[in-house]
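Chain and residue survey
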Protein chains: 2
Amino acid sequence: MNAGVDKPDSVNPALRSGLKKFKKNIPDIDYYLGGIRQGDRAVLSKAITLIESNRPEDKTIAGNLIQHCLPFSGNSVRLGITGVPGVGKSTFIEAFGLHLINKGHRVAVLAIDPSSTRTKGSILGDKTRMEKLSSHPLAFIRPSASAGTLGGVARQTRESILLCEAAGFDRIFVETVGVGQSETAVSKIVDFFLLLMLAGGGDELQGIKRGIMEMADLIVINKADGSNTQQAKLAKQAYENALHLFPKLPNGWQPKVLTASSVSGKGISTVEQQIDTFLRLTQSNGFFEQNRQQQALDILDNSLKDAIFGHFYSQKEIQKQLNYFRQQILDGKISPYEASNTIFEFYLNRLSGK
Amino acid sequence: MNAGVDKPDSVNPALRSGLKKFKKNIPDIDYYLGGIRQGDRAVLSKAITLIESNRPEDKTIAGNLIQHCLPFSGNSVRLGITGVPGVGKSTFIEAFGLHLINKGHRVAVLAIDPSSTRTKGSILGDKTRMEKLSSHPLAFIRPSASAGTLGGVARQTRESILLCEAAGFDRIFVETVGVGQSETAVSKIVDFFLLLMLAGGGDELQGIKRGIMEMADLIVINKADGSNTQQAKLAKQAYENALHLFPKLPNGWQPKVLTASSVSGKGISTVEQQIDTFLRLTQSNGFFEQNRQQQALDILDNSLKDAIFGHFYSQKEIQKQLNYFRQQILDGKISPYEASNTIFEFYLNRLSGK
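Residues numbered from 1 in each chain as written. Chains lettered and ligands numbered in written order. Predicted model: local features only at pLDDT ≥ 70, side-chain atom pairs only at ≥ 80, totals over all residues.

1. A closer look at the sheet that holds strand 5 (residues 192-198) of chain B
Residues and elements named next belong to chain B. Sheet architecture is open: seven strands sit in the order 3-2-4-1-5-6-7, paired in parallel fashion. Sheet topology places strand 3 (139-143) and strand 7 (256-259) at the edges, where each strand pairs with a single neighbour. Ignoring which end each strand starts from, the neighbouring axes of this sheet average 20° apart. In this sheet, strand 4 (residues 171-176) lies alongside strand 1 (residues 77-82) in parallel orientation, the contact comprising six bridges. Bridging across to strand 4, Gly80 finds its partner in Val174. Strands in contact with helix 5 (residues 89-102) are strand 1, strand 2 (107-111), strand 3, strand 4, strand 5 and strand 6 (218-222); relative to strand 2, the strand with the most contacts, it is inclined by about 160°. (Pairing = 2+ DSSP bridges. Helix = DSSP H or I, 4+ residues; strand = E, 2+ residues; numbered from the N terminus. Axes fitted to C-alpha atoms, helices over the stretch in contact; angles between N-to-C directions. Contact = placed C-beta atoms within 7 Å.)

Now the structure itself:
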């Protein structure tokens, strides 16, 4: 435990609450920042809990903490990784993560599943899934414990990335399940997007959201081992053919397809090499930095939009108007553009107090 | 010419303007609506010009006209059609359009090219491109004469669709060039999206925007004639393989690939059959109507967003804040979320007059 935290167990509750309040203003920043900068994973974990909290006092200190971590952030490669349940994400991340640690990296894994309401129980479950990696001193595994909105989850994840970077982790995985909307959100906060697939009759694809394939910088056909090896090679060929029908990405990268086995470890180092090739290309052509800057500016825009719309849609009178006009539109009585004009004028009048 | 319009050339300008103003309130609606309902293409064309106009008085009457056309709209199949320049869009639309007319349909073609500033000259050019179709009494061809924003072009196109429907056209093509953002906008106002492609080494794809293939309900390999026939078959196979890697669409439709020749006419009737199959599927499973209703509600939302953001971003003080904080973000001095919070509070305070 960090010496900066004391536990005033013997103090009476009122005084304790006062102390707590006092300690939240400045000392906690020192506690969190100090712990994070020392790479203390327990403190890092607590800091992420703070970021995920909805309590106003936690939000204040979380904002403050992010601000203090910013100068120490940015020095990592942020890797989005997705695939449907059963594709072997955990074993792949464990194998790949341990490989990266052997190469001298420090690895953090942030898992997102906005559809589930995970509890501490399933966090333990996640750690069990990646037993070797989670017990490694140079790794940090953190499933998102929050449900919440997509925008909220993206924000928490991006801020968690910053904290992990400030704690010295230089390879950060953001893991999603590949069936929802979260991949699009994640693609906007990572440098590289990896899609795990299985060889097979295409059935496994029924769960994958359309559009994900076009987001991928790299497709890895997982479980390419044993009797599955030949099928995996065929799948690789099929995906390569498909990807060649797409134009190159704006950053000059032509997405690749590889096969890998998390069990035998075959192909894992090739995955690392492909990511390195991507990094060399995009760092030399300036796209890596440019992409991060654009991502940050997009977050400002999207975040403002979320705030302004939240404000707009939360007003009871606006909701009434919306409900009325939505029905009028569905009944074919008004064009949606005309309805929009009317509601917008109503909004402006309300704002100006008319 | 419709008898309802007189040309008071001999009247003095002031009186003329007064007359005009008077005539714009009610008579013009009758003129436009009457002409449109009679299927008068000259009046329809003038009405679309009205919709494209930015003059406030034109906007008022245009809104009024749309409102009056709404009850007569909806009874068409709205077909988005795209492909890079050189793919043969005009000859394909001409061949397909004439085929549909022979089957008893009335065909309207609305062409969008937001990047160009088309003049009356190029409108004639467009009609020359589709000589037989444009001179056919059951067809109507109208290139968008406006540049403007994407949202604006989408709005004008959707409202033009309504007018064409009120004029009795039951197959409406919305044509785009496949290289910009307009396809996404168009996919939100049509029932079916057709992508024209060429057989070849994949070079022609370099111009196609990523993501378009996943929007397509049907890919047609065009110019499948003469020495190109065999290559077209191979391309069909390649695209079919690629599309099978994508999951089915939410409406239950598995996108198809066909070959066609606008010159020989081969394959054109199969295109029609595929579209009919799509319509039977989506009309029987309810998706067709559901999709149109969702599109209308989405337009309301997006249109409100455009209006509210236009209002937000147009304020000088907000622009100053944005410029300042964008730089702070790029310099790594503040997180985009924190910046968003600050700007949003500033905005709220301004609104409430603080």
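And the narrative resumes.
2. Description of the interface of chain A and chain B
At the interface, 48 residues of chain A touch 48 residues of chain B. Of the residues forming the side of chain A that touches chain B, the biggest block, 12 residues, is contributed by helix 13 (residues 287-313) of chain A. Split into classes, the residues belonging to the side of chain A that touches chain B amount to 30 nonpolar, 12 polar and six charged. (Nonpolar A, V, L, I, M, F, W, Y, C, P; charged D, E, K, R; others polar.)

3. Overview of the confidence of the model for chain A
All names here are of chain A. Residues at a pLDDT of 70 or more form 83% of chain A, whose mean pLDDT is 84. Across chain A, the secondary-structure element scoring lowest on mean pLDDT is helix 1 (residues 13-25), at 49, and the one scoring highest is helix 12 (residues 268-284), at 97. Confidence drops under a pLDDT of 50 for residues 116-124, and excluding neighbours within four residues, the segment shows eight contacts in the predicted structure. (pLDDT = per-residue confidence, 0-100.)

4. A few points about the pairing of strand 4 of chain B
In the case of a regular strand, side chains alternate between the two sheet surfaces. All names here are of chain B. Counting buried residues along strand 4, six of its six residues qualify, which places the element largely inside the surrounding structure. Residues of strand 4 alternate between two faces, with Arg171, Phe173 and Glu175 on one and Ile172, Val174 and Thr176 on the opposite face, all of them buried. Direction of pairing for strand 2 relative to strand 4: parallel, over a ladder of five bridges. Of the residues in strand 4, the one forming a bridge with Val107 is Arg171. (Buried ≥ 20, exposed ≤ 12 C-beta atoms within 10 Å, placed from the backbone.)

5. Examining the relation of the copies chain A and chain B
Take chain A, turn it by 179°, move it 0.0 Å along the axis, and it overlays chain B with an RMSD of 0.1 Å. Here the two chains are linked by the operation of a two-fold rotation axis. Rotation axis and chain A: the residue whose C-alpha lies nearest the axis is A:Ala242, separated from it by 2.3 Å. Interface overlap between copies is the fraction of interface residues in one copy that are interface residues in the other; for chain A against chain B it reaches 100%, indicating a shared surface. (Least-squares fit on C-alpha atoms with pLDDT ≥ 70 in both.)

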